[in-house]
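Here are the chains, one letter per residue:
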Amino acid sequence: MKIRVEDAKKKTLQLAESEPASHYPALVELEDAGEARFIAPVNVAVQAYWEYDHLRAEGKVETRVALSCSRCLADFERDLSSEFTIFYTPGGTMSGDEEVELSEEELISVPFTGDEVDMANEIFEQVMMEIPYKPLCTDDCKGLCPNCGADLNQGECGCDRRGVNLKMSALKDLKIDK
Ligand SMILES: [Zn+2]
Ligand SMILES: [Zn+2]
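Reading the values: rules and limits
- Residues numbered from 1 in each chain as written.
- Chains lettered and ligands numbered in written order.
- Predicted model: local features only at pLDDT ≥ 70, side-chain atom pairs only at ≥ 80, totals over all residues.
- Heavy atoms only, no water.
- Donors = N, O, S within 2.8 Å, 3.2 Å for Na, K, Ca; no water.
- Tetrahedral: all angles 85-135°; square planar, octahedral: opposite > 155°, others 65-115°.
- Buried < 20%, exposed > 50% of the residue type's maximum accessible area, 1.4 Å probe, protein only.
- Helix = DSSP H or I, 4+ residues; strand = E, 2+ residues; numbered from the N terminus.
- Contact = heavy atoms within 4.5 Å.
- 1 Å grid on protein atoms, 1.4 Å probe; cavity = no way out; pocket = protein on both sides within 12 Å on 5 of 7 lines; lining within 4 Å.
- Points joined across faces, edges and corners; volume = space filled by probe spheres on them.
- Nonpolar A, V, L, I, M, F, W, Y, C, P; charged D, E, K, R; others polar.
- Pairing = 2+ DSSP bridges.
- Core = buried A, V, L, I, M, F, W, Y, C linked by side-chain atoms within 4.5 Å.
- Phe/Tyr/Trp six-rings, centres within 6.5 Å; stacked < 30°, edge-to-face > 60°.
- Lys NZ or Arg CZ within 6 Å of the ring centre and 35° of its normal.
- Axes fitted to C-alpha atoms, helices over the stretch in contact; angles between N-to-C directions.
- Parallel < 35°, antiparallel > 145°, perpendicular 65-115°, else oblique.
- Arc of directions from axis to C-beta.

You'll find the protein chain entered in an unreviewed UniProt entry as DUF177 domain-containing protein, with Geomesophilobacter sediminis given as the organism.

Focus on the coordination of the zinc ion (ligand 2)
Around the zinc ion (ligand 2), the protein supplies Cys145 (SG), Cys148 (SG), Cys157 (SG) and Cys159 (SG) as donor atoms, at distances of 2.3 Å. Classification of the site at the zinc ion (ligand 2) as tetrahedral follows from its four donor atoms and the range of 108 to 111 degrees in their angles at the metal. For cysteine 157, a relative accessible area of 29% corresponds to the partly exposed category.

A closer look at the environment of lysine 60
Within the secondary structure, lysine 60 sits in strand E5 (residues 54-68). For the pair formed by lysine 60 and valine 46, sequence separation is 14 residues and the distance between their alpha carbons is 6.6 Å. Sequence-distant contacts of lysine 60, defined by excluding residues within four places in its chain, comprise Asn43, Val44, Ala45, Ser81, Ser82, Glu83 and Phe84.

A closer look at the layout of surface pockets
The calculated volume of the second largest pocket comes to roughly 150 Å³. Its residues placed into classes, the lining of the second largest pocket shows six nonpolar, two polar and one charged.

Re the pairing of strand E8 (residues 107-112)
Within E8, six of the six residues are buried, leaving the element largely enclosed by the surrounding structure. What you see with E8 is no split at all: Leu107, Ser109 and Pro111 on one side and Ile108, Val110 and Phe112 on the other are buried throughout. Summarising the sheet, strand E6 (residues 75-90) and E8 pair through six bridges and their orientation is parallel. Bridging from a neighbouring strand, proline 90 pairs with phenylalanine 112 of E8.

So, the nonpolar core
With 40 residues, the main nonpolar core has Ile3, Leu27, Val42, Val44, Val46, Tyr88 and Met119 as its most contacted residues. Of all the secondary structure elements, the ones that give two or more residues to this core are helix H1 (5-10), helix H2 (25-32), strand E4 (42-51), E5, E6, E8 and helix H3 (120-130). The residues touching isoleucine 3, leaving out its near neighbours within four places in the chain, are Ala8, Leu13, Leu15, Val46, Ala48, Leu55, Ala57, Asp115, Glu116, Val117 and Met119.

Some details on unusual backbone geometry
Non-glycine residue tyrosine 52 carries a positive phi angle of around 50 degrees. Its location among the elements puts tyrosine 52 in the loop between E4 and E5. Assessed through its relative accessible area of 75%, tyrosine 52 is described here as exposed.

Some words on the packing of aromatic side chains
Scanning the entire structure with this criterion turns up zero aromatic pairs. A cation over an aromatic ring shows up here: lysine 9 above the ring of tryptophan 50, its NZ or CZ 4.5 Å from the ring centre.

Quick word on the coordination of the zinc ion (ligand 1)
Note on the zinc ion (ligand 1): its protein donors are Cys69 (SG), Cys72 (SG), Cys137 (SG) and Cys141 (SG). The metal-donor distances range over 2.3 to 2.4 Å. Counting the intervening residues between successive donors of the zinc ion (ligand 1) yields the motif C-x2-C-x64-C-x3-C. Cysteine 141 carries the same exposure label as cysteine 137, and that label is buried.

So, the packing of H2 against H3
Interaxial distance between H2 and H3 falls to 9 Å at its minimum, and their mutual angle equals 30 degrees. By the angle class used here, H2 and H3 are roughly parallel. Residues Ala26, Leu27 and Leu30 of H2 touch H3, and the partners they reach there are Phe124, Val127 and Met128. Across the contact of H2 with H3, the residue classes tally to six nonpolar, no polar and no charged.

Quick look at H2
Listed as buried for H2 are Ala26, Leu27 and Leu30. On an axial view of H2, the arc spanned by its buried residues comes to 100 degrees, and they lie on one face. Of the residues in H2, the exposed ones pointing more than 90 degrees away from the buried face are Pro25, Glu29 and Asp32. Where H2 is buried, its residues contact strand E3 (37-38), E4 and H3. Of the residues trailing H2, glycine 34 is marked for its positive phi of about 75 degrees.

Here you go:
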């Protein structure tokens, strides 16, 4: 999404954009790495206006992904949604493309040059922040049986896992005692 700074100085802009994840190279990399599969376009809605010495962009990014549960390995789908406020400050006063996050209000400040602000970097960063490092299909996913590999969310497999666990902790104690 691109914002013309001169336009935003004249009035508040209401912008909306819907692009496939393939529009964002970093999201394609994520898909190639098998970490997430985007099953809906990345929808962005932004309200942008000029404030003091910066362009203020407030908005929301939404999409839907398929993830693999880190416990039971099942695929599941999840809506991702993130709201943001970004200050685009002219002149590139900060070193490189380093971002300063003001933790209290979660404002992000990004330098820009020229007469147009390109939000692509910030948009994919918002999406990536919402993708869990260790996805879980449900918060209380029971995972797989360490003995037979059955998905314990589908029901009990009949293994005596208490015994397995006891044996394992006994082994661990032995190693520590040595
Ligand atoms: Zn799971
Ligand atoms: Zn089992």
